[in-house]
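Below are the chains, spelled out letter by letter.
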Amino acid sequence: MVAQLDPTVVDRNTTLDTLLQTPAGRRLMTCIQCGTCAATCPYGEGMDFSPRLVINMLRRGFLDEVIQSESLLRCVACYACMAKCPRGIRLTDVLLPLVKEQTLVQQSEIPAELQKSLQNLLRYGNPMGESPRKRANWATTAGVQVPLLAQRQSNGPVEVLWFVECYTSFYARGQDNSRATAKLFDALGVDFAILGNEEKCAGDCGQLTWESGLFETLTAHNLEVFNKYRFNRIVTGDAHAFNAFRIRYPMYGLQAPVEHTTGFFARHLPQLRPLLTQRLDRRVTYHDPCCLGRAGGSYDEARALLEAIPGVKLVEMVHHRANAICCGGGGGGMWLDTYYKQKGLERLSERRVKEAIATGADVLAVACPYEVSRFEDALKVVPHDRPMVVRDVVELLAESLA
Amino acid sequence: MKPIVPKKHEPVRIGFYVCHCGTNIAGMVDVAAVAKYVATLPNVAVSRHYKYMCSDPGQELIQQDIRENRLNRIVVEACSPLLHERTFRKAAEAAGLNPFQVQMVNTREHNSWVHTDRTEATRKAMALARAAIDRVPHHKALEVKKVAINPNVLIVGGGIAGIHAALTLARAGKMVYLVEREATIGGHMAKFDKTYPTLDCAMCVLSPKMASAGSHENIHLWSYSEVSKVDGYVGNFQVTVRRKPRYIIEDLCTGCQECVDACVYREPKFADEFNLGLGKRKPVFLPFPQAIPPVTMIDPEVCLNFKRGKNPDGSHTVSDKCKKTCVEACGDRKAIDFRQTDEFKNITVGTIIMATGFKIFDAKRTPFYGYGIYPNVYNALEVERLINASGPTEGDLILRNGQRPKKVAIVHCVGSRDENTNRWCSRVCCLYSLKLAHLIKEHTDAEVYNFYIDMRTPGKGMEEFYNRIAEEGMHLIRGKVADVYPDLDDGQTGRLVVQAEDTLTNKILKIPVDMVVLGVGLEPHPDAENLRRMFNLSCSAEGWFLERHCKLAPVDTFTDGIFLAGCCQGPKDIPDSVAQAGAAAAEAMALIDKGHIEQEPNTAYILADECSGCKSCIPLCPYTAISFDETREKALINEALCKGCGTCVASCPSGSIVQNLFEDEEIFSEIRGVLAPVPA
């Protein structure tokens, strides 16, 4: 067993100054300095101050030294340290983002790629700086009707508000995910609609990076849009949006149930299974997204979906489920690849695809839109004899539809 | 002292005493104010506060007041009656008062320890005192009943604790039933190779004790048996023991093992339980060479003379399809009986010692250590077998791949000190890990890495042992292992990488090793919950059997006459298990040698005139103490069986059952008292 995240113990108003007075802070006082966090951290070797030391420096009143170092820029918010912590200390969702925020505030220079992305988030509502007016353009290529909530005729609430998110709206490979999801909703006869251009990034990485102000701006916008409409549940294919909706948004008033597409389709597997008629004779290995697996406890849903596809043979990487290695994209890591390279650190996506290659799989299945581009990039540089493709679980499901 | 015979219509004169208990009570309760308030209540003749009521001067104070002020009721407001009710009853009795005229008020556990507002805690102390002051005038003089005690003892579990307790009692001339679930006694200790801190061989010290337990005239050793039912009470427990069929008649088997040699299976083929599946055995087998009783048994799941699989009732069907070479070899001894079935033995004992032991933590629950996934990851008990001369490799430490390890990592705290698995420190793992480090190095000359969080080596000779092992050149690394995974650079040799932070040098270590040993912690036995119910015990939140008092009654339970020994009460090493077993045996003997039990007179009785004979109380009594008098058509309570639970009292539709010490008027007065207004 490893720790499960309990969203209720996180408090939106906690700062480094008030942390030790909170229940999460008092847990810090129980740290036995065993170093599990440091040794399981994918960038543990690259930190002057490992999570273990961050705790002790905080307890001894030396936290300034930690903030002045760049250690926390290496945190990819993968929940690995928290999952194995024998004292149940809330590292990834409480302590580390608070320290990271101060680290960036104190830096004279922020890595340019990261700064640009965060500015884009504020200005355009997406990290790539695309025009917000083009957010829903992909829908015309879906091949099925993708209704806009604003244009909905019926008076009743829509069953599924599909929160599409940024990479899946703007990136070509991300759009594959969206098209597949639309096809699956359509095939299952799900009553769904999207927000279209009204949607802005859910902001999970803003929160887990440093920018609590940016995160609150995005949260306020999205909640205002949610409040305009009536819907029964939110479903998103973005594991990070799912994380934000599940943990942080309820602190700002979100009450609707939230599901990730893997969870939603796994729940509909009895209806979906008969529709999966195309055989896919592939050896598939599945990468657990941090925000679904360790943070959400969802390991079986995606695997159940993959195994429902005729012909698919599921194989596991050495590190899987709670022990999976992060793709390196969380906590702002998505926009720090150049910085990590400069610091001589291995890209985690490369470390991960090496494990995938070792399984002999043809397909590296993922369930988070960051991973598609990260792993496809990594496969370009990591040598491998056997061809390997990266596919989101929903893409494989859609491929198996008749 | 001559008993005080209460005169008819003598007025009630209550003595009230509130204890400071140092600052335990006085720190949160204004004891002077409580005493002053109680002095104003009706019937109170004396009201005092005193530093330690349980001390000799405290008790003398009560006795002096009884004599000088003609007190006939006593109320002591102090700690839990569990601790000192007996003390104050005895003190009052010594001054000539009937001991049941004493009432205790718990203002420590129920008040001062759990509150933080001094004013409110003081008011609560007053309200609780008032309840007792209102109740105690209704108390009657009661008599303690004496019941004879059966001198026989049941010991459940034949590990080192059970064996030691059994031998101690047997030597003192008591008759002991030693019931062991497995086919041999010896428990976990019989599986160990050597023991810390002296490094003497476990079986060298254990096997003489096992043998004498097996042959002692005062010990009925029932191995491969389980307790299936327990009734009765201290001094007189009725116990049913199920003796499971081993298909060998114990009294006829000489332990020659000719049946094993003659078995149609030439080679051992089936996983050997005693060696944790690391070795093989035949369908007929002796669990291990020094097994006690030295009697073979047949595994009906794999023996050709049985049909495979169990019948719905758990029995096995004989197929009679085998050549039965074993029966032939046994010859005139005629010890093999394929038609053996469960045998139920009914015994009566006066006391019971629970020594049911522990289970090792299942390392599959920490999947990132690779146990059950990578063949070269072992738990510590498996390694004990691998380095044991009577183990599957005859003491040669050879891995599953046939290699002798050159580098070995020992991981401490697996399934201990962890919110995600078990929160407690298992106490023995640091030391057994050091011991294994020594033995592995001795056997293989491997480099040994011990990964620990805190090195915990308390106890006599233990720190010196740690020092000795460190001197031998072990790598002692302060950091918990976070990950174990195959060394991908190493091809197919099965080499593993152990990843941990060396927290003293601030470096992440990735050490390639040939073998990983998991220092698994100790857990309550999965059956503890069933046993708890069967024996009416309490368990701690973790599932260990709960002692009556963690310091002052460490082997008693909350059920009179049942005692605890060994790891069923919590993780402990062999010396402590043996010490506790001795203590449990002494406690049992203290009861037996007294010859009788004094029963609390809180029993229920029936007002025969008012009983309508509806029988509704009879099936409700958990102690089957109520019978029905057919001629008078009235229910009848057997005082000797009644435990005073009050179930029948509450159930009686006509209110014709009364319970001593809990009469309606006593309880209603108490309720009125506690609800009465107290000064602000």
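Residues numbered from 1 in each chain as written. Chains lettered and ligands numbered in written order. Predicted model: local features only at pLDDT ≥ 70, side-chain atom pairs only at ≥ 80, totals over all residues. Heavy atoms only, no water.

> Can you help me understand the overall build of chain A in this one?
Of regular secondary structure, chain A possesses 19 helices and eight strands. A globule of 402 residues ought to have a C-alpha radius of gyration of about 21 Å, and chain A, at 21 Å, matches this closely. For chain A, the spread of C-alpha atoms along the three principal axes comes to 60 × 50 × 35 Å. Buried residues in chain A amount to 64% of all 402 residues. Partitioning the intrachain contacts of chain A with sequence separation of at least 6 by distance along the chain shows that 79% fall at a separation of at least 24. Total accessible area on chain A is roughly 15,100 Å²; 48% of this is exposed by carbon and sulfur atoms. Within chain A, one finds 45 positive and 44 negative side-chain charges whose respective centroids are separated by 2 Å. (Helix = DSSP H or I, 4+ residues; strand = E, 2+ residues; numbered from the N terminus. Rg over C-alpha atoms; globule rule 2.2 N^0.38 Å. Buried < 20%, exposed > 50% of the residue type's maximum accessible area, 1.4 Å probe, protein only. Contact = heavy atoms within 4.5 Å. Areas by Shrake-Rupley, 256 points an atom, 1.4 Å probe, with all protein chains shown as cover. Lys, Arg positive; Asp, Glu negative; His and termini not counted. Charge placed at Lys NZ, Arg CZ, Asp CG, Glu CD.)

> Looking at this model, I keep getting lost on the sheet that holds strand β4 (residues 258-260) of chain A. Mind explaining?
Strands in a sheet are paired, the pairing made by backbone hydrogen bonds, and the direction either parallel or antiparallel. Residue and element names in this part refer to chain A. Pairing is parallel in the open sheet, where four strands are placed in the order β2-β1-β3-β4. Every interior strand has two partners, whereas the edge strands, β2 (192-194) and β4, have only one. The average angle at which neighbouring strand axes cross in this sheet is 30 degrees, direction not considered. Relative to β2, strand β1 (residues 158-163) runs parallel, the two being bridged by three bridges. From the neighbouring strand, leucine 161 faces β2, where its bridge partner is alanine 193. Sitting on the sheet, helix α9 (residues 172-188) is in contact with β1, β2 and β3 (231-236), with an inclination near 170 degrees to β1. Lying on the sheet, helix α12 (residues 239-248) is in contact with β1, β3 and β4; it crosses β4 at an angle near 160 degrees. (Pairing = 2+ DSSP bridges. Axes fitted to C-alpha atoms, helices over the stretch in contact; angles between N-to-C directions.)

> What is the right way to look at the state of the cysteines in this model?
A disulfide bridge is the covalent bond that connects two cysteines by way of their sulfur atoms. Residues and elements named next belong to chain B. Counted by the stated rule, this structure contains one disulfide over all chains. With its sulfur 2.4 Å from that of its partner, cysteine 201 forms a disulfide with cysteine 204. Torsion about the S-S bond of the cysteine 201 and cysteine 204 cystine: about 95 degrees, corresponding to right-handed handedness. Residue cysteine 201 is classed as partly exposed on the basis of its relative accessible area, which comes to 22%. You can call cysteine 204 exposed: its relative accessible area is 52%. Here cysteine 54 is not cross-linked by a disulfide; its sulfur's nearest cysteine counterpart is in cysteine 19, at 6.1 Å. The closest cysteine sulfur to the non-disulfide-bonded cysteine 425 is located on cysteine 430, 6.5 Å from its own sulfur. For cysteine 425, a relative accessible area of 30% puts it in the partly exposed group. (Disulfide = S-S within 2.5 Å.)

> Before we go on, may I ask you to explain the pairing of strand β8 (residues 389-392) of chain A in this structure?
In summary, the side chains of a regular strand alternate between the two faces of the sheet. Residues and elements named next belong to chain A. Here β8 shows one buried face, formed by Val390 and Asp392, and one open face, formed by Val389 and Arg391. Two strands pair when backbone bridges link them, and strand β7 (residues 363-366) and β8 are joined in this way by four bridges, in the parallel orientation. From the neighbouring strand, valine 363 faces β8, where its bridge partner is valine 389. In the classification by handedness, the crossover that spans β7, the intervening helix α18 (residues 369-381) and the parallel β8 is right-handed. (Right-handed = clockwise from strand over helix to strand, strands pointing away.)

> Would you mind showing me how to read the sheet that holds strand β23 (residues 475-478) of chain B here?
Residue and element names in this part refer to chain B. Read from one edge to the other, the open sheet built from five strands follows the order β20-β27-β21-β22-β23, with strand pairing classed as parallel. Pairing within the sheet leaves two strands with one partner each, and these edge strands are β20 (377-379) and β23. Recorded for the sheet is a direction-independent mean angle of 20 degrees between the axes of neighbouring strands. In terms of strand pairing, strand β22 (residues 447-452) meets β23 through four bridges, oriented parallel. Paired with phenylalanine 451 across the bridge in β23 is isoleucine 477. Against the sheet, helix α11 (residues 429-444) engages β21 (407-414), β22, β23 and β27 (515-520), with an angle of about 155 degrees to β27.

> I keep staring at the domain arrangement of chain B and nothing clicks. Help me out?
How big an interface is tends to be stated in terms of accessible area lost as the parts join. Looking at chain B, the domain boundaries give domain 1 (14-144 + 667-675), domain 2 (245-341), domain 3 (358-523) and domain 4 (604-659). For domain 1 of chain B versus domain 3 of chain B, the distance between C-alpha centres works out to 56 Å. (Domains from an automatic or database assignment.)

> Is there a simple way to explain helix α3 (residues 81-94) of chain B in this structure?
Each full turn of the α-helix corresponds to 3.6 residues, which orients residues three or four apart in the same direction. Residues and elements named next belong to chain B. Taking 1.5 Å of rise per residue, the 14 residues of α3 would be expected to cover 20 Å, and the 19 Å separating its terminal C-alpha atoms lies within 8% of that figure. For α3, the full list of buried residues reads Thr87, Phe88, Arg89, Ala91 and Ala92. For α3, the elements touching its buried residues are α2 (56-69), β3 (73-78) and β4 (102-106). (Expected span 1.5 Å × (residues − 1).)

> How should the environment of valine 448 of chain B be read in this particular structure?
Residue and element names in this part refer to chain B. Locating valine 448 in the fold gives a position in strand β22. Judged by relative accessible area, which is 1%, valine 448 ranks as buried. Placed 165 residues apart in sequence, valine 448 and glycine 613 show a C-alpha to C-alpha distance of 76 Å. Contact partners of valine 448, with chain neighbours within four places excluded, come to Val408, Ile410, Ala437, Ile440, Lys441, Met474 and His475.

> Hey, could you run me through the domain arrangement of chain A in this one?
When cut into domains, chain A gives domain 1 (7-106), domain 2 (112-267) and domain 3 (269-400). Taking only C-alpha atoms, the centre of domain 1 of chain A and the centre of domain 2 of chain A are 29 Å apart.

> What's the story with the environment of aspartate 65 of chain B in this structure? I'm lost.
Residue and element names in this part refer to chain B. Positionally, aspartate 65 belongs in helix α2. Owing to a relative accessible area of 2%, aspartate 65 belongs among the buried residues under this scheme. In this structure the C-alpha to C-alpha distance between aspartate 65 and isoleucine 508, which are 443 residues apart in sequence, comes to 72 Å. Apart from residues lying up to four places away in sequence, aspartate 65 is in contact with Tyr17, Val46, Arg48, Arg70 and Leu71.

> How do you make sense of the pattern of salt bridges when you look at a structure like this?
Proximity of charged atoms lets side chains of opposite charge pair with each other. Evaluation of the coordinates by the stated rule reveals 70 salt bridges over all chains. Two residues, arginine 339 of chain B and aspartate 320 of chain B, come together in a salt bridge whose shortest N-O distance is 3.0 Å. Residue arginine 339 of chain B is found in the loop between α9 (325-330) and β17 (343-349), and its partner aspartate 320 of chain B is found in the loop between β16 (297-298) and α9; the two are separated by 19 residues along the sequence. What emerges from the salt-bridge pattern is a single network uniting Arg173, Asp176, Arg179, Glu376 and Glu395 of chain A. (Salt bridge = Lys/Arg side-chain N within 4 Å of Asp/Glu carboxyl O.)

> Where do I start with the interface of chain A and chain B in this structure?
Listed by partner, the interface residues are 27 residues for chain A and 25 residues for chain B. Seen at the junction of chain A and chain B, the total is three salt bridges. Those elements giving two or more residues to the side of chain A that touches chain B turn out to be α2 (36-40), α3 (51-60) and α5 (80-84) of chain A. Here the side of chain A that touches chain B takes four residues from α2 of chain A, the largest share from any one element. Partitioning the side of chain A that touches chain B into residue classes produces twelve nonpolar, nine polar and six charged. (Nonpolar A, V, L, I, M, F, W, Y, C, P; charged D, E, K, R; others polar.)

> What exactly am I supposed to notice about unusual backbone geometry here?
Phi is mostly negative for residues that are not glycine, and the peptide bonds are mostly trans. All names here are of chain B. The step from tyrosine 196 to proline 197 runs through a cis peptide bond, and the omega angle for that step is -5 degrees. One can find proline 197 in the loop between β8 (194-195) and β9 (200-201). Cis geometry is adopted by the peptide bond preceding proline 293, which originates at isoleucine 292 and carries an omega value of 0 degrees. The phi torsion at asparagine 536 lies on the positive side, around 55 degrees, for a residue other than glycine. Tracing the sequence through the fold places asparagine 536 in the loop between α13 (528-535) and β29 (562-564). With a relative accessible area of 47%, asparagine 536 lands in the partly exposed category. In this model, leucine 661 sits at a positive phi of 75 degrees, which is unusual for a non-glycine residue. As for its placement among the helices and strands, leucine 661 is situated in the loop between β34 (657-659) and α16 (664-675).

> Teacher, can you tell me more about the side chain of aspartate 299 of chain B here?
Residues and elements named next belong to chain B. Assignment of secondary structure puts aspartate 299 in the loop between β16 and α9. Residue classification places aspartate 299 among the buried residues on the basis of a relative accessible area of 15%. Engagement of the side chain of aspartate 299 in a polar contact is seen with the side chain of arginine 281, the distance being 2.8 Å. Apart from residues no more than four positions distant in its own chain, aspartate 299 is found in contact with Arg281, Pro283 and Phe285. (Polar contact = N/O pair within 3.5 Å; in protein donor to acceptor, adjacent residues only side chain to side chain.)

> Could you clarify how one ought to interpret the packing of aromatic side chains in this entry?
Describing an aromatic ring pair means giving the distance of the ring centres and the angle of the ring planes. Summed over all chains, the structure comprises 25 aromatic pairs over all chains. When the ring of phenylalanine 185 of chain A is compared with that of phenylalanine 264 of chain A, the centres are 5.5 Å apart and the planes differ by 80 degrees; the resulting orientation is edge-to-face. With phenylalanine 185 of chain A in helix α9 and phenylalanine 264 of chain A in helix α13 (residues 261-267), the pair connects residues that are 79 residues apart, well separated along the chain. Taken together, a centroid distance of 5.3 Å and an interplanar angle of 50 degrees make the contact between tyrosine 177 of chain B and tryptophan 222 of chain B tilted. Of this pair, tyrosine 177 of chain B sits in strand β7 (residues 176-179) while tryptophan 222 of chain B sits in strand β10 (residues 219-222); the two residues are 45 residues apart in sequence, bridging distant segments of the chain. A network of ring pairs unites the aromatic residues Phe163, Phe215, Phe226, Phe231, Phe245, Tyr249 and Tyr252 of chain A as a single cluster. Lying over the aromatic face of phenylalanine 285 of chain B, arginine 281 of chain B brings its terminal NZ or CZ to 4.1 Å of the ring centre. Sitting above the plane of the phenylalanine 628 of chain B ring, lysine 615 of chain B keeps its charged end 4.6 Å from the centroid. (Phe/Tyr/Trp six-rings, centres within 6.5 Å; stacked < 30°, edge-to-face > 60°. Lys NZ or Arg CZ within 6 Å of the ring centre and 35° of its normal.)

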